Amino acid sequence: WGCGPACDRVRGVRDVRRIDEDRLDAHAYVGRWRDQCILAFRGTDSFDGWVQDLKSAELVDLPGSAACRVGSGFLESYQALSEGIKKSLLEIGCDEAPLSVTGHSMGAALATLAAYDLRSSFNLTTSYTFG
């Protein structure tokens, strides 16, 4: 897989990796831009993605938090991607570099969960979520 024209338009983007869980229509991309690392989540794009959105009407406890609850579909999607994300971030040298997390729609929910999960093991500096 190659990032192609989307990455070609942004000078300095390199080492882009894609992490997919097709069964849940969950997709993430990691890469480097200048001196920082980027983690981006794609939003809802298919019937399977809408199923995950709707499953998120059911709230479940957020692992590692005594007080937070999260949509079950969002948590399932993030957990399906998380190991691949962490592995890919380490492979491209993001263990100490500044990390920005972003996403739109369902991707925004996954980016929020990633920020919570990665805050103690990576140098998370910014998070931008949309819709």
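For the structure itself, look to the data block above.
Anyway, here's the lowdown on the structure attached to this text. Just so we're clear, the structure is a prediction, and the values are computed from it rather than from any experiment. (Residues numbered from 1 in each chain as written. Predicted model: local features only at pLDDT ≥ 70, side-chain atom pairs only at ≥ 80, totals over all residues. Heavy atoms only, no water.)

1. Let's talk about the overall build of the chain
As a reminder of what qualifies: Counting from the N terminus, the helices are the DSSP runs of H or I reaching at least four residues and the strands are the DSSP runs of E reaching at least two. The atom set for the radius of gyration is the C-alpha atoms, and the globule formula is 2.2 Å times the number of residues raised to the power 0.38. Exposure classes here rest on a 1.4 Å probe applied to the protein chains alone. A residue is buried below 20% of its type maximum, exposed above 50%, and partly exposed in between.
Across its full length, the chain carries 4 helices and 7 strands. By the compact-globule yardstick of 14 Å for 131 residues, the chain fits well, its C-alpha radius of gyration being 14 Å. Dimensions of the chain, computed from C-alpha atoms along their principal axes, come out at roughly 40 × 30 × 25 Å. Scored against the burial criterion, the 131 residues of the chain give a buried share of 40%.

2. Examining the environment of Leu-110
The condition is simple: The contact criterion used is simple: two residues touch if any of their non-hydrogen atoms lie within 4.5 Å.
Here Leu-110 is to be found in helix H4 (residues 106-118). Accessibility expressed as a relative area gives 0% for Leu-110, which makes it buried. Once the C-alpha coordinates of Leu-110 and Glu-58 are considered, the two residues, 52 residues apart in sequence, prove to be 16 Å apart. Here Leu-110 is in contact with Phe-41, Phe-74, Ser-77, Tyr-78 and Leu-81, once residues within four sequence places are set aside.

3. Brief notes about the pattern of salt bridges
Put simply, the rule is: For salt bridges, the criterion is a side-chain nitrogen of Lys or Arg within 4 Å of an Asp or Glu carboxyl oxygen.
Applying the stated rule across the entire model yields 11 salt bridges. Its salt-bridge partner being Asp-15, residue Arg-14 comes within 4.0 Å of it at the nearest N-O pair. Its relative accessible area of 38% is what places Asp-15 among the partly exposed residues. One salt bridge connects Arg-42 with Asp-45, and the closest N-O pair in it is separated by 3.9 Å. A single salt-bridge network, built from bridges that share partners, covers Glu-21, Arg-23, Lys-55 and Glu-76.

4. Considering the nonpolar core
Applicable threshold: Only buried residues count toward a nonpolar core, which is a set of Ala, Val, Leu, Ile, Met, Phe, Trp, Tyr and Cys residues joined through side-chain atoms within 4.5 Å.
Leu-39, Phe-41 and Ile-85 are the most contacted members of the largest nonpolar core, which has 29 residues in total. Where this core is concerned, the elements lending two or more residues are strand E2 (26-33), strand E3 (36-41), helix H3 (72-91), strand E6 (98-104) and H4. In terms of residue count, the dominant contributor to this core is H4 (7 residues). Among all residues touching Ile-85, those that are not within four sequence positions of it are Ile-19, Ala-28, Val-30, Leu-39, Phe-41 and Tyr-78.

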